[in-house]
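Topology and contacts: notes
The lines below spell out each chain.
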Amino acid sequence: MLTVDFDKLDLQPGHLVLDMGAGAGRHAFEVFRRGAHIVALDYSLADLKDVSGLFAAMREAGEAPAGTVAATVNGDGTRLPFPDDTFDRIICSEVMEHIPDDSAAAAELARVLKPGGTIA
């Protein structure tokens, strides 16, 4: 079940999107399917292995537009490994309640979002 309204997110093909706390990847897969470039970040290596495998299967099945990039990154939401102003859109759904220092995570999300970008 998707908990992000992709119409309100105004996701466009070619956007670079961060799914912070991607878990099993449900939102990341929808981003990939819609033709945006996706980085699925999670703290769980096991989840990321599964997400990476599904990205590959989607690509092989033709479920993502040609040229669309999907990557997985292991990381901590309070210390994101990306430069400032990197992402056009950020998804962070059902994640903040699991991060003890949610203020630090919110500051990191704001730091890596491009000016005029959107966080869901």
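This text goes with the structure placed above it.
As a starting point, this report considers the structure included with it. (Residues numbered from 1 in each chain as written. Predicted model: local features only at pLDDT ≥ 70, side-chain atom pairs only at ≥ 80, totals over all residues. Heavy atoms only, no water.)

**Focus on the packing of aromatic side chains**
Our working rule: Think of it this way: a Phe, Tyr or Trp ring, Trp meaning its six-membered ring, pairs with another when their centres are within 6.5 Å, and the plane angle makes it stacked under 30 degrees, edge-to-face over 60, tilted otherwise. Only DSSP runs of H or I covering at least 4 residues are called helices, and only runs of E covering at least 2 are called strands; the numbering of each starts at the N terminus. Between buried and exposed lies partly exposed: a residue is buried under 20% and exposed over 50% of the maximum accessible area for its type, with that area taken using a 1.4 Å probe on protein chains only.
Here the structure, examined in full by the defined rule, presents three aromatic pairs. Judged by centre distance (5.4 Å) and plane angle (85°), the rings of Phe29 and Phe55 are edge-to-face. Of this pair, Phe29 sits in helix H2 (residues 26-33) while Phe55 sits in helix H3 (residues 45-60), and the two are 26 residues apart along the sequence. For the pair formed by Phe29 and Phe55, the shared burial category is buried. For the ring pair Phe82 and Phe87, a centre distance of 5.0 Å and an interplane angle of 90° mean the geometry is edge-to-face. Considered together, Phe82 and Phe87 belong to a single accessibility category, that of buried residues. Grouping aromatic residues by their ring pairs yields a cluster made of Phe29, Phe32 and Phe55.

**A few points about the environment of Gly21**
Test applied: Contact definition: two residues touch when any of their heavy atoms are within 4.5 Å.
Within the element layout of this structure, Gly21 appears in the loop between strand S1 (16-20) and H2. When the C-alpha positions of Gly21 and Asp42 are compared, they lie 4.6 Å apart, and in sequence the two are 21 residues distant. The contacts of Gly21, once residues within four sequence positions are left out, are Leu41, Asp42 and Val95.

**A look at the environment of Asp88**
Note the threshold: For the purposes of these results, a polar contact is taken to be a pair of N or O atoms within 3.5 Å, where, inside protein, one atom must be able to donate a hydrogen and its partner to accept one; residues adjacent in sequence count only when each atom of the pair is a side-chain atom.
Structurally, Asp88 can be placed in strand S4 (residues 87-91). Considered as a pair, Asp88 and Met20 are 68 residues apart in the sequence and their alpha carbons are 13 Å apart. Setting aside chain neighbours within four positions, we find Asp88 in contact with His15, Leu16, Leu113, Lys114, Gly117 and Thr118. A distance of 2.7 Å separates a polar side-chain atom of Asp88 from the backbone nitrogen of Leu16. Side-chain polar atoms of Asp88 contact the side chain of Lys114, separated by 3.3 Å.

**Some remarks on the nonpolar core**
Note the cut-off: Only buried residues count toward a nonpolar core. Its members are Ala, Val, Leu, Ile, Met, Phe, Trp, Tyr and Cys residues joined through side-chain atoms within 4.5 Å.
Residues Val31, Ile38 and Phe55 are the most contacted members of the largest nonpolar core, which totals 19 residues. A per-element tally of this core places H2 first, with four residues. Leu18, Ile90, Ala105 and Val112 belong to the second-largest nonpolar core, a separate cluster that totals 15 residues.

**Digging into the sheet that holds S4**
Heads up, the condition is: DSSP bridges decide pairing: two strands pair if at least two such bridges lie between them. In this description, a line fitted to the C-alpha atoms serves as the axis of each element, helices being fitted only across the stretch in contact, and the angle between N-to-C directions of two axes falls anywhere from 0 to 180 degrees.
What the five strands build is an open sheet, ordered S3-S2-S1-S4-S5; its pairing is parallel. Because the sheet does not close on itself, it has two edges, and the strands there are strand S3 (70-74) and strand S5 (113-119). Sheet twist, expressed as the mean angle between neighbouring strand axes with direction ignored, is 25°. Contacts from H2 reach S1, strand S2 (37-42), S3 and S4 within the one sheet, and its direction differs from that of S2 by about 170°. Packing against the sheet, helix H4 (residues 102-112) makes contact with S1, S4 and S5, and its axis sits at approximately 125° to S5.

**So, the pairing of S4**
Cut-off, in case you're wondering: By convention, orient the strands away from the viewer: a clockwise path from the first strand over the helix to the second makes the crossover right-handed.
Among the five residues of S4, five are classified as buried, and the element is accordingly described as predominantly covered. Relative to S4, S1 runs parallel, the two sharing three bridges. Its bridge partner lying in S4, Leu18 is registered against Ile90. Judged from the three bridges that link them, S4 and S5 form a sheet pairing that is parallel. Directly across from Phe87, in S5, lies its bridge partner Leu113. Remark: the S4/H4/S5 crossover connection has right-handed handedness.

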